[in-house]
Amino acid sequence: MANPFYKRDVLSLKDFKREDLELLFSTTDKLTEMKYRERVSLGEGRILGIMFFEPSTRTRLSFESAMASIGGTSVGFSETKTTSIEKGESFADTVRIVEANSDVVVLRHPMEGSARFASEISLKPIVSGGTGTEEHPTQAMLDLYTIYKEKGRIDGLRICIVGDLKYGRTVYSLIYALSKYDVKVDLVSPPILKIRREATYNLEKIAGKDKSIEITERESLKSVLHEVDVVYVTRIQRERFPDEQEYEKVRGSYYLDAELAGMMKSDAIVMHPLPRLDEIRPDLDATPHARYFKQVQYGRNVRAALLSLILNS
Ligand code: NCD
């Protein structure tokens with residue numbers, strides 16, 4: 001199979017087919033097993049440009065660590081205060097400078113559409129590290145890989161996504177990714193944090209002709225907890241609320257702890273893109289359901305595989 005990621009932008013999960021994701025997963029498996037010498041030859045002498053206009057711990061660390069693990073290096077910035085943006089340089093010029101100094105660029109930005117705009121300017125591939133409330137494609141890639149590794153399959157599973165479905169960008173990428181599989185998805189949120197229609201509208205087109213995903217919206221987590229195989233919890237995206245009062249209405253409105261997890265199937269897993277605040281209580285960490293830190297470990301290898309596929313034909 002030709003490598004569909006070679007020199008390609010990674011902006012949206014809508015742009016990738018199920019077989020593309022499967023190639024990414026098998027490459028991740030191979031890479032994880034690879035001897036050091038072989039692994040570092042994949043990115044040797046290559047440079048990842050980092051352009052982060054929003055706070056990040058995981059995504060930036062994960063990309064830098066992934067690039068180093070295939071023998072490459074990273075350059076760039078993770079806050080704009082130390083860059084010429086402070087002097088008034090435009091976004092477009094900043095993209096030109098970073099791409100001229102690297103082989104592939106990862107961009108995080110508070111505005112929807114910014115990664116697509118950057119990709120129109122840049123000759124080098126742009127990978128979105130999360131844009132506004134829109135999408136966070138590499139997070140969904142590692143989320144799916146985690147499900148595949150921890151549950152042994154994706155088809156046939158029942159997956160509950162709970163929390164801030166309105167502003168949480170990881171949720172959109174995850175739904176677009178899951179739409180390519182035969183899964184049941186329960187979307188659980190307070191009414192004002194329900195999924196935006198754009199995620200479920202036209203899902204046939206995103207999923208392809210054999211769409212088999214089934215989506216149900218609910219308000220109560222307890223009503224489905226005993227039936228699901230995966231619970232994917234998200235943080236309330238306080239920084240994206242138009243005002244504080246709206247946030248106050250939903251603050252602390254859902255959580256999962258060890259006691260609630262006791263209602264789940266014994267082999268059900270709990271995931272979270274992190275950072276978590278109080279929506280997953282610390283007492284859940286020691287239960288056999290917790291997979292959110294394992295997700296981080298898988299994430300580095302999935303990103304290393306993605307970068308090596310983008311860089312090598
Ligand atoms: C997420 C994000 O930035 O969208 N974090 C991450 O990259 N793992 C989720 C969040 O901030 O809640």
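A.B. asks: Explain the overall build of the chain to me, please; I cannot follow it from the model alone.
C.D. replies: When you go through the chain residue by residue, the secondary structure sums to 13 helices and nine strands. Projecting the C-alpha coordinates of the chain onto the three principal axes gives extents of approximately 50 × 45 × 40 Å. Out of the 313 residues belonging to the chain, those deemed buried represent 55%. Counting contacts in the chain only where the partners sit at least 6 residues apart, residues at least 24 apart contribute 74% of the total. Surface summary for the chain: the accessible area is close to 13900 Å², and the carbon and sulfur share equals 49%. If the 46 positive side-chain charges of the chain are averaged to one point and the 47 negative ones to another, these points end up 2 Å apart.

A.B. asks: Explain the site of the ligand here, please?
C.D. replies: As a structural note, the neighbourhood of the ligand is formed by R58, T59, R108, H136, Q139, R169, T170, R235, Q237, P273, L274 and P275. In this structure, L274 approaches the ligand through a main-chain N or O atom, which is 3.0 Å from a nitrogen atom. Contact with the protein chains hides 93% of the accessible area of the ligand, taken as 320 Å² for the molecule alone. Contributing elements (two or more residues each) for the shell around the ligand: α3 (58-69) and α7 (169-178).

A.B. asks: Is there a simple way to explain the packing of aromatic side chains in this structure?
C.D. replies: Each aromatic ring pair is summarised here by two numbers: the centre-to-centre distance and the angle between the ring planes. All chains considered together, the criterion is met by eleven aromatic pairs. Aromatic pair Y167 and F241: ring centres 5.0 Å apart, planes at 50°, arrangement tilted. Of this pair, Y167 sits in the loop between β5 (158-162) and α7 while F241 is found in the loop between β8 (230-233) and α11 (244-250), placing the two residues 74 residues apart along the sequence. Both residues of the pair, Y167 and F241, belong to the buried class. Among the aromatic residues, ring-to-ring pairing joins F25, Y145, Y148 and Y298 into one connected group. The side chain of R196 reaches across the aromatic face of Y172, ending 4.1 Å from its centre. Cation over ring: R281 sits above Y255, and NZ or CZ is 4.1 Å from the ring centre.

A.B. asks: Where do I start with the nonpolar core in this structure?
C.D. replies: With 60 residues, the main nonpolar core has F5, L24, M141, L144, I161 and L178 as its most contacted residues. The dominant element in this core, judged by the number of residues it contributes, is helix α13 (residues 292-311), at nine residues. The contacts of L144, once residues within four sequence positions are left out, are L21, F25, I154, L174, A177, L178 and Y181.

A.B. asks: Would you mind going over the pairing of strand β3 (residues 104-109) with me for this structure?
C.D. replies: For a regular strand, the rule is simple: side chains alternate between the two faces of the sheet. Within β3, six of the six residues are buried, which leaves it mostly tucked inside the rest of the structure. Neither face of β3 is left uncovered, since the one carrying V104, V106 and R108 and the one carrying V105, L107 and H109 both have all their residues buried. Pairing of strand β1 (residues 47-52) with β3, which is carried by five bridges, proceeds in the parallel orientation. What sits directly across from L48, in β3, is V104. In this sheet, strand β4 (residues 126-131) lies alongside β3 in parallel orientation, the contact comprising four bridges. By the bridge assignment, L107 is partnered in β4 with S128. In this region the chain leaves β3, passes through helix α5 (residues 114-121) and returns to the parallel neighbour β4; the handedness of that crossover is right-handed.

A.B. asks: Whenever I open this one, the sheet that holds β1 confuses me. Can you help?
C.D. replies: By definition, the strands of a sheet pair up through backbone hydrogen bonds, in either a parallel or an antiparallel sense. Spatially, β2-β1-β3-β4 is the arrangement adopted by the four strands of the open sheet, whose pairing is parallel. Every other strand in the sheet has two partners, leaving β2 (73-77) and β4 as the edge strands with one partner each. When strand polarity is set aside, the average angle formed by the axes of neighbouring strands in this sheet is 20°. Across the sheet, α3 lies against β1, β2, β3 and β4, angled at about 175° from β1, the strand it touches most.

Conventions and cut-offs
Residues numbered from 1 in each chain as written. Predicted model: local features only at pLDDT ≥ 70, side-chain atom pairs only at ≥ 80, totals over all residues. Heavy atoms only, no water. Helix = DSSP H or I, 4+ residues; strand = E, 2+ residues; numbered from the N terminus. Buried < 20%, exposed > 50% of the residue type's maximum accessible area, 1.4 Å probe, protein only. Contact = heavy atoms within 4.5 Å. Areas by Shrake-Rupley, 256 points an atom, 1.4 Å probe, with all protein chains shown as cover. Lys, Arg positive; Asp, Glu negative; His and termini not counted. Charge placed at Lys NZ, Arg CZ, Asp CG, Glu CD. Near = heavy atom within 4 Å. Polar contact = N/O pair within 3.5 Å; in protein donor to acceptor, adjacent residues only side chain to side chain. Phe/Tyr/Trp six-rings, centres within 6.5 Å; stacked < 30°, edge-to-face > 60°. Lys NZ or Arg CZ within 6 Å of the ring centre and 35° of its normal. Core = buried A, V, L, I, M, F, W, Y, C linked by side-chain atoms within 4.5 Å. Pairing = 2+ DSSP bridges. Right-handed = clockwise from strand over helix to strand, strands pointing away. Axes fitted to C-alpha atoms, helices over the stretch in contact; angles between N-to-C directions.

Shape is all these values report; function is a separate question.
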